[in-house]
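Observations on chain architecture
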Amino acid sequence: MSAYQAPLADMRFALFDVLDAGRTFERLGFADATRDVLDAVLEEGARFAETVLAPLNAVGDREGCALDRDTGAVTTPAGFKQAYAQYVEGGWPALTAPVEFGGQGLPHALGVPLKEMIDAANLSWGNFPLLSHGATEALLHHGEPWQREAFLKPLVEGRWTGTMCLTEPHCGSDLGLLKTRAEPQADGSYAITGTKIFITAGEHDFTDNIVHLVLARLPDAPAGSRGISLFVVPKVKVGRDGAPGERNAVRCGSLEHKMGIHGSATCVMNFDGAQGWRVGQPHKGLAAMFTMMNTARLAVGLQGLGLSDRALQNALRYARERLQMRAPSGPRYPDKPADPIVVHPDVRRMLLTCKALVEGGRVLGYDAGLQVDIAAHAPDAAEREQAEALLGLLTPIVKACLTEWGVECTYHALQCFGGHGYIAEHGMEQLARDARITTLYEGTTGIQALDLLGRKIVQLQGAGLRVLLARIEAFCDAHAGNAALAEFVGPLRAKAAEWQHLTQRIVARAAGNAEEIGAAAYDYLLYSGYVALAYCWARSVAAAEARGSQALKDDKRATARFYFARVLPRTLAHAAAIESGLAALPELDG
Ligand SMILES: Cc1cc2nc3c(=O)[nH]c(=O)nc-3n(C[C@H](O)[C@H](O)[C@H](O)COP(=O)(O)OP(=O)(O)OC[C@H]3O[C@@H](n4cnc5c(N)ncnc54)[C@H](O)[C@@H]3O)c2cc1C
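Residues numbered from 1 in each chain as written. Predicted model: local features only at pLDDT ≥ 70, side-chain atom pairs only at ≥ 80, totals over all residues. Heavy atoms only, no water.

What counts, and what does not: UniProt positions are given in the numbering used here, feature names are shortened, and annotations may be inferred rather than shown by experiment.
For the protein chain, an unreviewed UniProt entry supplies the name 3-methylmercaptopropionyl-CoA dehydrogenase and the organism Vulcaniibacterium tengchongense. We quote the UniProt Catalytic activity (unreviewed entry) comment for the protein chain here in full: "3-(methylsulfanyl)propanoyl-CoA + oxidized [electron-transfer flavoprotein] + H(+) = 3-(methylsulfanyl)acryloyl-CoA + reduced [electron-transfer flavoprotein]".

Digging into helix H9 (residues 345-377)
Definition in use: The numbering of helices and of strands both runs from the N terminus, where a helix is a DSSP run of H or I of at least 4 residues and a strand a run of E of at least 2. Helix span, as expected, comes to 1.5 Å for every residue beyond the first. Remark: exposure states derive from per-residue accessible area (1.4 Å probe, protein chains only) relative to the maximum for the residue type, with buried under 20%, exposed over 50%, and partly exposed in between.
With 33 residues, H9 ought to run about 48 Å at 1.5 Å a step, and its terminal C-alpha atoms sit 47 Å apart, in line with that. The buried fraction of H9 is high, at 25 of 33 residues.

Points about the packing of helix H8 (residues 285-321) against helix H11 (residues 428-436)
To keep things clear, this is the line we draw: Under this scheme, a helix contributes an axis fitted over its contacting stretch, all axes are lines through C-alpha atoms, and angles between N-to-C directions fall in the 0 to 180 degree range. Oblique is the label for any angle not under 35 degrees, not over 145, and not in the 65 to 115 range, which are roughly parallel, roughly antiparallel and roughly perpendicular in turn. Left-handed describes a crossing whose near helix is turned anticlockwise from the far helix through less than a right angle; right-handed describes the clockwise counterpart. Contacts were defined at the residue level, with two residues in contact if any of their heavy atoms lie within 4.5 Å. Polar here means any residue other than Ala, Val, Leu, Ile, Met, Phe, Trp, Tyr, Cys and Pro, which are nonpolar, and Asp, Glu, Lys and Arg, which are charged; Gly is therefore polar.
At a minimum axis distance of 10 Å, the contact between H8 and H11 shows a crossing angle of 160 degrees. One element, H8, and the other, H11, form an angle in the roughly antiparallel class. By crossing handedness, the relation of H8 to H11 is classed as left-handed. Listed contacts from H11 to Leu-307, Arg-310, Ala-311 and Asn-314 of H8 are Met-428, Leu-431, Asp-434 and Ala-435. Residue classes in the contact of H8 with H11 are distributed as five nonpolar, one polar and two charged.

A closer look at the packing of aromatic side chains
This is how it is decided: Between rings of Phe, Tyr and Trp, where Trp is taken as its six-membered ring, a pair exists when centres lie within 6.5 Å; planes separated by under 30 degrees are stacked, by over 60 edge-to-face, and by other angles tilted.
Taken as a whole and judged by the stated rule, the model has 18 aromatic pairs. An angle of 85 degrees between the planes, with centres 5.1 Å apart, marks the rings of Tyr-87 and Trp-125 as edge-to-face. Here Tyr-87, found in helix H5 (residues 80-89), pairs with Trp-125, found in helix H6 (residues 108-142); they are 38 residues apart in sequence, far enough to count as distant. Across this residue pair, the class does not change: Tyr-87 and Trp-125 are buried.

Some details on the pairing of strand S5 (residues 190-200)
Side chains on a regular strand alternate between the two faces of the sheet. For clarity, the threshold we go by: Only when DSSP finds a minimum of two bridges between them are two strands counted as paired.
By the criterion of burial, S5 is predominantly enclosed, with eight of the eleven residues buried. Looking at chain direction, strand S4 (residues 181-184) and S5 are connected through four bridges and run antiparallel. Residue pairing in the sheet places Pro-184 in a bridge with Tyr-190 of S5. Between S4 and S5, which pair antiparallel and follow one another directly, the connecting turn spans five residues, one of which, Gly-188, has a positive phi of 95 degrees.

What about the nonpolar core?
Cut-off, in case you're wondering: We define a nonpolar core as any set of buried Ala, Val, Leu, Ile, Met, Phe, Trp, Tyr and Cys residues linked to one another through side-chain atoms lying within 4.5 Å.
Counting 161 residues, the largest nonpolar core has Met-117, Trp-125, Phe-271, Phe-475, Trp-499, Tyr-524 and Tyr-563 as its most contacted members. Of the residues forming this core, the biggest block, 20 residues, is contributed by helix H15 (residues 515-547). Ala-97, Leu-130, Leu-139 and Leu-215 belong to the second-largest nonpolar core, a separate cluster that totals 36 residues.

Notes on the domain arrangement of the protein chain
Selection criterion: The source of the domain bounds is an automatic or database domain assignment. Note on definitions: buried area is the accessible-area loss of two parts on being combined, 1.4 Å probe, summed for both.
Its domain assignment divides the protein chain into domain 1 (8-64 + 78-149), domain 2 (161-288) and domain 3 (444-590). Placing the centre of domain 1 and that of domain 2 at their C-alpha centroids yields a distance of 25 Å. Facing 21 residues of domain 1, the contacting portion of domain 2 comprises 25 residues. Both sides together, the interface formed by domain 1 and domain 2 hides about 2,100 Å², and carbon and sulfur atoms give 69% of it. Of all residues in domain 1, Phe-128, Leu-131 and Trp-146 bury the most surface against domain 2, accounting for 34% of the area lost on that side.

Things to note about the site of the ligand
To keep things clear, this is the line we draw: Think of it this way: one heavy atom of a residue within 4 Å of a molecule or strand is enough to make that residue near it. Pairing of N or O atoms within 3.5 Å defines a polar contact, subject to two protein rules: one partner must be a possible hydrogen donor and the other a possible acceptor, and residues neighboring in sequence count only if both atoms are side-chain atoms. The method behind every accessible area is Shrake-Rupley, applied with a 1.4 Å probe, and residues are considered shielded solely by the protein chains displayed.
As a structural note, the neighbourhood of the ligand is formed by 20 residues, with Met-164, Thr-167, Ser-173, Phe-198 and Thr-444 the closest of them. Between the ligand and Gly-172 there is a distance of 3.5 Å, counted from an oxygen atom to a backbone nitrogen or oxygen. Between an oxygen atom of the ligand and a side-chain N or O atom of Thr-444, the distance comes to 2.6 Å. In isolation the ligand has 970 Å² of accessible area, and contact with the protein removes 61% of it. Counting residues per element, the shell around the ligand draws most heavily on S5, at three residues. Of the residues belonging to the shell around the ligand, the class tally is eleven nonpolar, seven polar and two charged.

Some details on the UniProt feature "domain: Acetyl-CoA dehydrogenase-like C-terminal" (unreviewed entry) in the protein chain
The feature "domain: Acetyl-CoA dehydrogenase-like C-terminal" (unreviewed entry), as given by UniProt, occupies residues 468-587 in the numbering adopted here. Secondary structure across residues 468-587 comprises 83% helix and 0% strand; the distance between its end C-alpha atoms is 36 Å.

Next up, the structure:
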């Protein structure tokens, strides 16, 4: 079975040393977020993830969820429900939620490492509370006062969980095609009718009620994505006074059988005239749902990070123990029958690739989390606006890159185990199977790429990119005379300039033919991720130099060197693919 130990030291390093989050929290007015409190939360979160969730990971994979077809009830794997009760008892659902609705009001960026630990320990279990946070955000920003009163407290306390019901059999990426109907009723509610598929945690045995946020069409809705409205549809009806009523006409019709995350209930949900309440303006549901989706996209990025880290931990341990053949230059451990495989350069290549992507990715993912706090709480409007723009840029990068790297890292880690990685006993194949979903749900990598290039760069004229490039330039200027950083600052400055020029060329080409955006989008996304990660690595070396022990300085420098020498050059291939443009993509239809 694969083990998990929360990487608290590196989490603290990323959050407090590289990103200086402690000072930011203070500046944003989080009076309770003292270093002692933050440390205590991280330690307690680590204990919960390591001792309660991690041991249930293989159980969830083996048992999966079960549906009672007569009642539509779903039973989760052994131990999952009890773990959720402990989660609620520990106050975890309320950690970063608003105080007004029973939350603890701690910074969002503190919830980020907690999320990483939960997903690393048990991704399937983590999917049950995942969407409660997004549902809370959507209702907080778009719900009527009575809806906030009725739904938020139980969600924040963890007594109820949330779902996100978008996908239908014929529509996934293209939500403009959705058919679920919402008929207005005399009492101001709506009767919701339709079938939603692939709904994560659509039904389960953790809580008495489940709050579905559902996209549907009003009778007079225009066709396409401009005709979609958002509704809150509880499993058990809720009156305007918040009192629970009778069972609503929504039911789980079946559970999907899938490649991984077996412990996560992926449900077909049938809405049969279910009572729902509109959230936000008619026909503006997609915009409201984006509040929820953006939160969820960052969270899915952290799923990729968590799985990569757990896979790396296991592969590193195995590579230090497994004895096969001798080091190329002669025996390193002559007293043993063979050397541990970690002496082989190719095994180190795989391990270091994971380490560079995990530790750099941690800084990237946590930085996005910090921007959420700054965008919401900075006293200065210009700073809030900058953080919002940067967050807009980082969201598709974090979602897509951390999950693509999650797939890559779990495969590298499995490879380090040789044939034993393919055998269920070690848990490595589960990590690889579980990781595979993360590049698909919450918008595929292809859709994230379109969001980045089509929307954030072309439509919004690259406001977020300008913020990031200015920060990279300021960092390079600040460290221009720093000999310890010279080997990173030069290449980083050059890559940032190349990123800017590449962007300008794509935008110019897209003005002539919009299809050029789709042709370049995936490579542009990955290119952007690797340059953003180079910045994270340069910042990490700077932070280690300023505040770290000698061992930390050596470790960060060596990994950063590996990243700049062996991973960052992937940008060359992506840039070449981008430059080849639409002309290199022949038509395949018909
Ligand atoms: C386990 C699991 C859990 C899920 N949980 C939820 C949930 O809780 N709630 C929910 O609503 N949904 C959920 N989903 C659905 C998920 O979000 C969708 O599967 C996903 O968004 C892709 O939609 P699709 O499967 O219909 O693929 P399609 O949209 O049919 O896409 C197929 C392929 O075409 C590509 N493609 C499509 N359009 C474009 C384009 N314009 N440009 C470039 N490429 C394009 C895609 O990238 C993809 O590679 C879940 C799915 C799974 C498998």
